[in-house]
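Architecture and fold: a report
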Amino acid sequence: MKLLIPEKPVGIIGYGAYIPRYRIPASEISRIWHGDSDGMPIKEKSVPGLDEDTITMSIEAARNAINRAQIDPKELRAVWIGSESHPYAVKPSGTVVAEAIGASESISAADFEFACKAGTEAVIAGMGFVGSGMGDYVLAVGMDTAQGRPGDVLEYTAAAGGAAVIIGPASNALAVIDAAYSFVTDTPDFWRRQTQKYPEHGQRFTGEPAYFHHLESSIETFFAETGTAAKDYRFAVFHQPNAKFPQKLGKEFGFTKEQFQTGLLSPMIGNTYSGAVLLGLSAILDIAEPGDKIFAAAFGSGAGSDTFSFTVTDQIRLRRSLAPSTQAYINRRTEIDYAVYARHRGKYVMN
Amino acid sequence: MEAPRHWRLKKQRYSLTGEVCPHCSAKIFPPRDVCPECGQEAKTAFQFSGKGEVFSYTTINDAPSGYQEQAPYAVALVKLNEGPIVTAQLTDLGAEPVRIGMPVEMVTRRIKDDGNERGVILYGYKFRPVIAGPR
Ligand SMILES: [Zn+2]
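As the structure is a prediction and not an experimental result, all values here were calculated from the model. (Residues numbered from 1 in each chain as written. Chains lettered and ligands numbered in written order. Predicted model: local features only at pLDDT ≥ 70, side-chain atom pairs only at ≥ 80, totals over all residues. Heavy atoms only, no water.)

Observations concerning the overall build of chain B
For the record, the criterion: Each helix is a run of DSSP H or I of at least 4 residues and each strand a run of E of at least 2, with the numbering of both proceeding from the N terminus. Only protein chains enter the calculation, and the probe is 1.4 Å; a residue is then buried if its accessible area is under 20% of its type maximum, exposed if over 50%, and partly exposed in between. Here, residues are in contact when the closest pair of their heavy atoms is within 4.5 Å. Positive: Lys, Arg. Negative: Asp, Glu. His and the chain ends are not part of the count. Lys charges are placed at NZ, Arg charges at CZ, Asp charges at CG and Glu charges at CD.
Counting secondary structure elements, chain B contains two helices and eight strands. If you list the helices and strands of chain B from N to C, you get α-α-β-β-β-β-β-β-β-β. A principal-axis box enclosing the C-alpha atoms of chain B has dimensions of 45 × 40 × 30 Å. With 135 residues in all, chain B has 44% of them scored as buried. A sequence separation of at least 24 residues applies to 48% of the contacts in chain B between residues at least 6 apart. Here chain B contributes 18 positive and 15 negative side-chain charges, whose respective centroids are spaced 3 Å apart.

Focus: the UniProt feature "domain: Beta-ketoacyl-[acyl-carrier-protein] synthase III C-terminal" (unreviewed entry) in chain A
Formally: UniProt positions are given in the numbering used here, feature names are shortened, and annotations may be inferred rather than shown by experiment.
In this structure's numbering, the residues bearing the UniProt feature "domain: Beta-ketoacyl-[acyl-carrier-protein] synthase III C-terminal" (unreviewed entry) are residues 224-303 of chain A. Annotated as residues 224-303 of chain A, this span is 38% helix and 15% strand, and its ends, taken at the C-alpha atoms, are 21 Å apart.

Section: the sheet that holds strand β3 (residues 44-47) of chain A
Residues and elements named next belong to chain A. Condition: Here, strands pair whenever DSSP counts at least two bridges between them. Angular values range over 0 to 180 degrees, each being the angle between N-to-C directions of two axes fitted as lines to C-alpha atoms, with helices fitted over their stretch in contact.
Judged by pairing direction, the sheet is mixed, and its three strands sit side by side in the order β3-β2-β14 without closing on themselves. Strand pairing shows two members of the sheet lacking a second neighbour, β3 and β14 (334-335), which therefore form its edges. As judged from the four bridges shared by strand β2 (residues 22-25) and β3, these two strands associate in the antiparallel manner. Note that in β3 the partner of R23 across the bridge is S46. Taken strand by strand, helix α1 (residues 26-33) contacts β2 and β3, and its axis lies near 55 degrees from that of β2.

Some points on the UniProt feature "domain: ChsH2 C-terminal OB-fold" (unreviewed entry) in chain B
The positions UniProt marks with the feature "domain: ChsH2 C-terminal OB-fold" (unreviewed entry) are residues 47-109 of chain B. Helix makes up 0% of residues 47-109 of chain B and strand 51%, and the two end C-alpha atoms of the span are 18 Å apart.

Focus: the coordination of the zinc ion
Residues and elements named next belong to chain B. Where we set the bar: Keep in mind that water is not among the atoms, so a site may look incomplete; donors are the N, O and S atoms within 2.8 Å of the metal, or 3.2 Å for Na, K and Ca. For a four-donor site, all angles between 85 and 135 degrees give tetrahedral; for four or six donors, opposite pairs above 155 degrees with the remaining angles between 65 and 115 give square planar or octahedral; all remaining cases count as irregular.
Here the zinc ion is held by C21 (SG), C24 (SG), C35 (SG) and C38 (SG), and the distances to it run 2.3 to 2.4 Å. Seen from the zinc ion, its four donor atoms lie at angles of 104 to 119 degrees, and the figure they make is tetrahedral. Spacing between the donor residues of the zinc ion along their common chain follows C-x2-C-x10-C-x2-C. Here C21 is found in the loop between β1 (17-20) and β2 (27-28), whereas its partner C35 is found in the loop between β2 and β3 (44-47), with 14 residues between them in sequence. Here C21 and C35 have matching classes, each one buried.

Notes on a nonpolar patch on the surface
For clarity, the cut-off: Patches in this entry comprise residues that are over 30% relatively accessible and not in a salt bridge; like charges within 9 Å are linked, as are nonpolar side chains (Val, Leu, Ile, Met, Phe, Trp, Tyr) within 5 Å. Accessible surface is estimated by sampling points in the Shrake-Rupley manner with a 1.4 Å probe; for residues, cover comes only from the protein chains shown. For this analysis, a salt bridge means a side-chain nitrogen from Lys or Arg found within 4 Å of a carboxyl oxygen belonging to Asp or Glu.
A contiguous nonpolar surface patch, about 250 Å² in accessible area, is contributed by B:F55, B:L77 and B:I85. Take B:F55: it is sitting in strand β4 (residues 51-60).

So, the domain arrangement of chain A
Residues and elements named next belong to chain A. Selection rule: The domain limits used here are those given by an automatic or database domain assignment. The buried area of a pairing is the accessible area, by a 1.4 Å probe, that goes missing from both parts when the two are put together, added over both. Identification of polar contacts relies on pairs of N or O atoms within 3.5 Å, with a donor-acceptor requirement for protein atoms, meaning one able to donate a hydrogen and the other able to accept it, and with residues adjacent in sequence counted only if both atoms are side-chain atoms. Residue polarity is assigned by list, with Asp, Glu, Lys and Arg as charged and Ala, Val, Leu, Ile, Met, Phe, Trp, Tyr, Cys and Pro as nonpolar; anything else, Gly included, falls into the polar class.
Its domain assignment divides chain A into domain 1 (10-174) and domain 2 (177-317). The C-alpha-based centres of domain 1 and domain 2 are spaced at 15 Å. Counting residues at the interface gives 52 residues for domain 1, matched by 49 residues for domain 2. Here domain 1 and domain 2 share an interface that buries about 3800 Å² over both sides, 64% of which is from carbon and sulfur atoms. In this structure, the connection of domain 1 to domain 2 is made through three salt bridges. When the shortest N-O distance is used, the salt bridge between K117 and D306 registers 2.9 Å. Linking domain 1 with domain 2 are 18 residue pairs in polar contact (both at pLDDT 80 or more). For the side of domain 1 that touches domain 2, the secondary structure elements donating two or more residues are β1 (10-18), β3, α4 (118-131), β6 (137-145) and β7 (160-169). Counting residues per element, the side of domain 1 that touches domain 2 draws most heavily on α4, at seven residues. By residue class, the composition of the side of domain 1 that touches domain 2 is 29 nonpolar, 12 polar and 11 charged.

Some words on the packing of helix α2 (residues 54-69) of chain A against helix α3 (residues 93-101) of chain A
All names here are of chain A. To keep things clear, this is the line we draw: Oblique is the label for every angle not falling under 35 degrees (roughly parallel), over 145 degrees (roughly antiparallel), or within 65 to 115 degrees (roughly perpendicular). Crossings are assigned a handedness: left-handed for a near helix turned anticlockwise from the far helix by less than a right angle, right-handed for a clockwise turn.
Relative orientation of the contacting elements α2 and α3 amounts to 45 degrees, with a least axis distance of 9 Å. One element, α2, and the other, α3, form an angle in the oblique class. The two elements α2 and α3 cross, and the hand of that crossing is right-handed. Along the contact surface, α2 presents I55, S58, I59, A62, R63 and I66, while α3 presents S93, V96, V97, A100 and I101.

Given below as structure tokens:
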């Protein structure tokens, strides 16, 4: 058996989104770099404020998740933050987040890194932690303030945002986690060396050998082992580095637009890296009904894919209104030009 | 604000944790262990909701050392729903003008960075316009 299923059933007790308020249109980035104005990968992307980073954004998403979970933060036994943009190279994001949300000191706190699937990696670890009985509740966050080199193709999409989930016993869940699966290989598609500000990408590896190969392998295995297919799910969310890849992938497996459009946020906010799949899941949970099945497939460069199936419970109706919806954050929008964006992203050298 | 002093005060700075008076129920921020209303001892921790409104404000253009990166920014006296008035930066205003009585909510943000990207980053509370839309 290749599936990851804990001994004790687990689920999502609470979830919370966060997206910063600033947006830069792809056309504005193209204006500066004289890019091709046709065929933009997305419409616009989210940009963090001057006082925001992965820690502050994780704190807000975590507070939203706790409000929906209706638990005392002292009941958390682990606080894990998945990101490729932790503010410190050495010093955990998890301890600051834990302190700010009022978690106890008797917890495990750690930072996860696996490019864009660091957040779902923390979810899988949380399933094991809760499923083995080591603790009742785990906070897992996927959050990023991604950067692309000025003028690089990634600059059009590298965005900021993410979501937090609290994993706990299935009996108290708003969505039960039916099963998960993880597939990885050593693939040099995208990386950033220590102390480097911007990532590098191996052009030949980015599409087929990385994103599509890993997601296809992981989804095929997950469907075979669970005996399910696209038609068994009401909603699906895939990693979304742009608008095109996830739609192509979804169609390959027979998913329809009705199934994947709710979780497809990249056209409006860009690629939120570790945040992308959990944020899409948050948008789905905002409208899902009890009994709905949700399929989620994350991708992280380097490379690997995590797949999940969820079943929504009647708890969703009571809890989703206890924090701002994902759409409320998308609607909170202030457009900025390239000069302001360059200041927000530290692209001016001051000393 | 030096790092050691900030570290001692981080509970109140990260999450607006104050005190409640066991004698007269007054909510106290910042925590000072003595009730400003009735003068008796008050050491019970109290988590503020973070909701309040702008009581007064000013815009800082010439920011002190360590804060220049975020200038210009607004500093407000925020009257918390529970009673106390706190001084804090406003953030995420976008194009919205600040006004007296504007409903705001607490967020935890970067307060100060040493600017050379080597030092410790200080986090603390600020206030922003309440997020509109469905809850
Ligand atoms: Zn008193």
